[in-house]
Amino acid sequence: MATAVPPPSRAEIISLFRSLLRSAREFPDYNIREYTKRRTIDSFRDNKSLSDPSSIAAAFTDGKSQLQVAKRQAVVYSLYAPKVKSIMDIKH
């Protein structure tokens, strides 16, 4: 018998959101960093209207798996970071 997974609390959802944004900051490349931030914000905005507990739990689980992917990719990208900084990264 499958037991229903309780939906995550508001604090857990906010924690996931902040963790995804923090992991985006780890990317050395400006374009990838901004893409990750934009995708995180858009995904949370799209899922804001979810009301069914099972769909909320599924979206949260997907978000946690995306966080793991982002963390792994940040490590890989840091190993092969470009030698020249993007014009957006240069401080004036």
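Let us look at the structure shown here. These numbers come from a predicted model, not from an experiment.

A grouping of R18, R22, R25 and K71 is seen on the molecular surface, where their side chains present a positively charged patch. Position of R18 among the secondary structure elements: in helix 1 (residues 10-25).

Tracing the backbone through its elements, the reader meets Y35 in helix 2 (residues 30-46). For the pair Y35 and A24, spaced eleven residues apart in the sequence, the C-alpha separation amounts to 8.4 Å.

Moving on, we get to the pattern of salt bridges. Under the criterion given, the structure shown has two salt bridges. Residue E34 pairs with K37 through a salt bridge whose shortest N-O separation is 2.9 Å. Pair noted here: E34 and K37 are both in helix 2, with a separation of three residues, about one helical turn. The exposure class of E34 is partly exposed, given its relative accessible area of 24%.

What follows concerns the packing of aromatic side chains. The relative placement of two aromatic rings is captured by the distance of their centres and the angle of their planes. The full count for this structure, using the stated rule, is two aromatic pairs. On the numbers, 4.9 Å between centres and 70 degrees between planes, the contact of F17 with F44 is edge-to-face. Note that F17 is positioned in helix 1 and F44 in helix 2, a separation of 27 residues in sequence. When its relative accessible area of 24% is taken as the criterion, F17 is described as partly exposed. Judged by its relative accessible area of 24%, F44 is partly exposed. Relative to Y77, the ring of F27 has its centre 5.6 Å away and its plane inclined at 75 degrees; by these criteria the two rings are edge-to-face. Linking F27 in the loop between helix 1 and helix 2 with Y77 in helix 3 (residues 53-79), this pair joins segments that are 50 residues apart in sequence.

The rules behind the values
- Throughout, residues of each chain are indexed from 1 in the direction in which the sequence is written.
- Local features are withheld for residues below a pLDDT of 70 in this predicted model, meaning they are given only at 70 or higher, and side-chain atom pairs are given and counted only at 80 or more; totals for whole chains, interfaces and linings count all residues.
- In computing side-chain properties, one takes all heavy atoms of the structure into account and sets aside hydrogens as well as water.
- Nonpolar side chains (Val, Leu, Ile, Met, Phe, Trp, Tyr) within 5 Å and like charges within 9 Å form the patches, drawn only from residues with over 30% relative accessible area and no salt bridge.
- Only the protein chains shown count as cover for residues, with accessible areas throughout obtained via the Shrake-Rupley method and a probe of 1.4 Å.
- We define a salt bridge as a contact between a side-chain nitrogen of Lys or Arg and a carboxyl oxygen of Asp or Glu at a distance within 4 Å.
- We treat Lys and Arg as the positive residues and Asp and Glu as the negative residues; His and chain ends play no part in the count.
- Charge positions come from single atoms, namely NZ of Lys, CZ of Arg, CG of Asp or CD of Glu.
- Strands are runs of DSSP state E lasting at least 2 residues, helices are runs of H or I lasting at least 4, and numbering of each runs from the N terminus.
- Using a 1.4 Å probe on the protein chains alone, a residue whose accessible area is under 20% of its type maximum counts as buried, one over 50% counts as exposed, and one in between counts as partly exposed.
- Each pair of aromatic rings taken from Phe, Tyr and Trp, with Trp reduced to its six-membered ring, is defined by centres within 6.5 Å and is described as stacked if the planes are under 30 degrees apart, edge-to-face if over 60, and tilted in the remaining cases.

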